[in-house]
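Summary of structural features
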Amino acid sequence: MKERRLWPSLLFSYISREFLISFLVAFVFFFLIFFVNSILLLVQRILLKNITLMTMLEMVALSMPQFLIYTIPFATLSGASMVLGDMNSNNELLAFRSSGVPLGSIFRPIIIWAVILSLVTFLVADVLHPWSNRIYRERLTLLMRDMPTFELESNSINTVGNIMLSNGTVSGSSISDVVLMNTDRSDENKTIVSPHGSLELIDDVSFIYRLDLASPVILMTDSTDPERFLSAESESASFFLDFSDQVPSLTSTSPTNLSSGELLSQIRERNAIQDRDRENFHREREDIKLSIASAIKEYASTGEAHSDAVSGYTDELENRNNLPTNFYGQYYKAELMKKFSLSSACFFLSLVALPLGLIKLKYGKLAGFAISLLIAVSFWYMLFFAQMEIFNITSSPYLLIFSPNLVIGALAFALYLYMRKAR
């Protein structure tokens, strides 16, 4: 009797351990796929500015949660496929079933862990990611403020965007032998030369510099006709250098980085705007219909043809056939549902792995990972396609964004019925 009471807990512990090991292996694989490219972009953006290693590691850690939202569901699918495929290829499933262990008891640990990981994914998407993104943007703003866009050194050349600055000796913000030119290959080339000047950062949010020059000489040439040029001199001149397009947007907040509460607030505001637009839309259509009826009535009473007027009103009515939809409202709704879609994907993707795990394949763990990779890519493309289609519909995009989960759930149910019938 004691052994009867122990085997369910032993079975749960065994399958849980095997699932978590496979989950961690798959997690590292998917995380690196999503993370490496962004890490390279991050390194390109700020590492070359001589920041400390700890600051770099902090920025990397703060950027991680946005990739966990995708990594956890796909790793859950792979973990379930790998552990069941391995157990099936090693005849462990056959041994369990021969011992009277039902499939439900074998599948139960995986389903429980899938539900737990769904909750973890939602917390990451709704709490950790918005928080880390806010801290990340604050840290990046401070870093960009502390790191001058032009790192002035004596006898050096700095190029930022399409502006190149050459200078002689440097003392504080004062510089000598200044040569400023544009390198954007435009039809009009500008070169400014001055024996002395000063460079000062006047806007540390938009990264706008003021360059004050003494006795500047401005030379403008036409790249298409070298013989055409314009030269001008002055006692002094001030130039404003705008580098806002050379740094990331640090003040805007994408809907992707908002919590569900913030998204709901934005959705309510956009719904109110959309309701007003649709009321005006219906009112304008009714006015056009009344105009058509009036033209027809006038024709009936006077006998005079008003076909041009009726045709004009009809064309206008056809042109107002599309119900107005708020662009940002659709965007916010899609991002809100995507949190739930990706979170619940842990559960739905694990369901499709259960009947697939009953198919006996050689190299079960490797085969299970390959199958899970194909399903993960399919899920990704379905979600991507759904996101692209939200602006082509006038109804709420909630069902459309959740449709990849429904497709995977239907596939899991169909496979389960097929495997049950085959057995």
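First, a word on scope: everything that follows refers to the structure included in this document. In every chain, residue numbers begin from 1 and rise along the written sequence. In keeping with the model being predicted, local features are shown solely for residues with a pLDDT of at least 70 and side-chain atom pairs are shown and tallied solely at 80 or more, while totals for entire chains, interfaces and linings include all residues. For side-chain calculations, the full set of non-hydrogen atoms in the structure is used, while hydrogens and water are omitted.

**Section: helix α8 (residues 327-356)**
An ideal rise of 1.5 Å per residue puts 44 Å on 30 residues; α8 measures up with 40 Å between its terminal C-alpha atoms. In this analysis the local bend is the angle between axes fitted, respectively, to the seven residues ending at and the seven residues starting at the residue. Secondary structure elements are taken from DSSP: a helix is a run of H or I of four residues or more, a strand is a run of E of two residues or more, and numbering for both begins at the N terminus. Of all the bends in α8, the largest measures some 40° and sits at alanine 345. In protein, a polar contact requires one atom able to donate a hydrogen and another able to accept it; more generally it is a pair of N or O atoms within 3.5 Å, and residues adjacent in sequence count only if both atoms are side-chain atoms. The opening residue of α8 is asparagine 326, an N-cap whose side-chain oxygen sits 3.2 Å from the backbone nitrogen of tyrosine 328. One less than the number of residues in a helix, times 1.5 Å, gives the span that helix is expected to have.

**Topic: the pattern of salt bridges**
By convention in these notes, a salt bridge is any Lys or Arg side-chain nitrogen within 4 Å of a carboxyl oxygen on Asp or Glu. In the structure shown here, the tally under the stated rule is three salt bridges. The partner of arginine 17 in a salt bridge is glutamate 18, and the shortest N-O contact between them spans 3.9 Å. Its salt-bridge partner being aspartate 212, residue arginine 210 comes within 3.3 Å of it at the nearest N-O pair. The partly exposed category is assigned to arginine 210, whose relative accessible area is 28%. Overall, the relative accessible area of 23% leaves aspartate 212 in the partly exposed class. Here's how the labels work: a residue is buried when its accessible area is under 20% of the maximum for its type, exposed when over 50%, partly exposed in between, all with a 1.4 Å probe on protein chains only.

**A short note on a nonpolar patch on the surface**
Residues Val377, Trp380, Tyr381, Phe384 and Met388 make up a contiguous nonpolar surface patch of about 510 Å² in total accessible area. Topologically, methionine 388 is positioned in helix α9 (residues 364-389). For methionine 388, a relative accessible area of 46% puts it in the partly exposed group. Any residue with relative accessible area above 30% and no salt bridge may belong to a patch, with like charges joined within 9 Å and the nonpolar Val, Leu, Ile, Met, Phe, Trp and Tyr side chains within 5 Å. Accessible surface area values rest on a Shrake-Rupley calculation with a 1.4 Å probe, where residue burial reflects the displayed protein chains alone.

**Describing the packing of helix α3 (residues 65-89) against α8**
For helices, the fitted line uses only the C-alpha atoms of the stretch in contact; every axis is such a line through C-alpha atoms, and the angle between N-to-C directions lies from 0 to 180 degrees. Interhelical geometry of α3 versus α8 gives an angle of 5° and a closest axis separation of 8 Å. Classified by the interaxial angle, the pair formed by α3 and α8 is roughly parallel. Across from Ile69, Tyr70, Ile72, Pro73, Phe74, Thr76, Leu77, Ala80, Ser81 and Leu84 in α3, the residues of α8 making contact are Lys338, Leu342, Ala345, Cys346, Leu349, Ser350, Val352, Ala353 and Leu354. By the convention adopted, Pro, Cys, Tyr, Trp, Phe, Met, Ile, Leu, Val and Ala count as nonpolar, Lys, Arg, Asp and Glu as charged, and the other residues, Gly among them, as polar. When grouped by side-chain class, the residues that make up the contact of α3 with α8 number 15 nonpolar, three polar and one charged. Working definition: roughly parallel below 35 degrees, roughly antiparallel above 145 degrees, roughly perpendicular at 65 to 115 degrees, and oblique for all remaining angles. Whether two residues are in contact is decided by their heavy atoms, any of which lying within 4.5 Å being enough.

Honestly, it's all geometry; don't read function into it.
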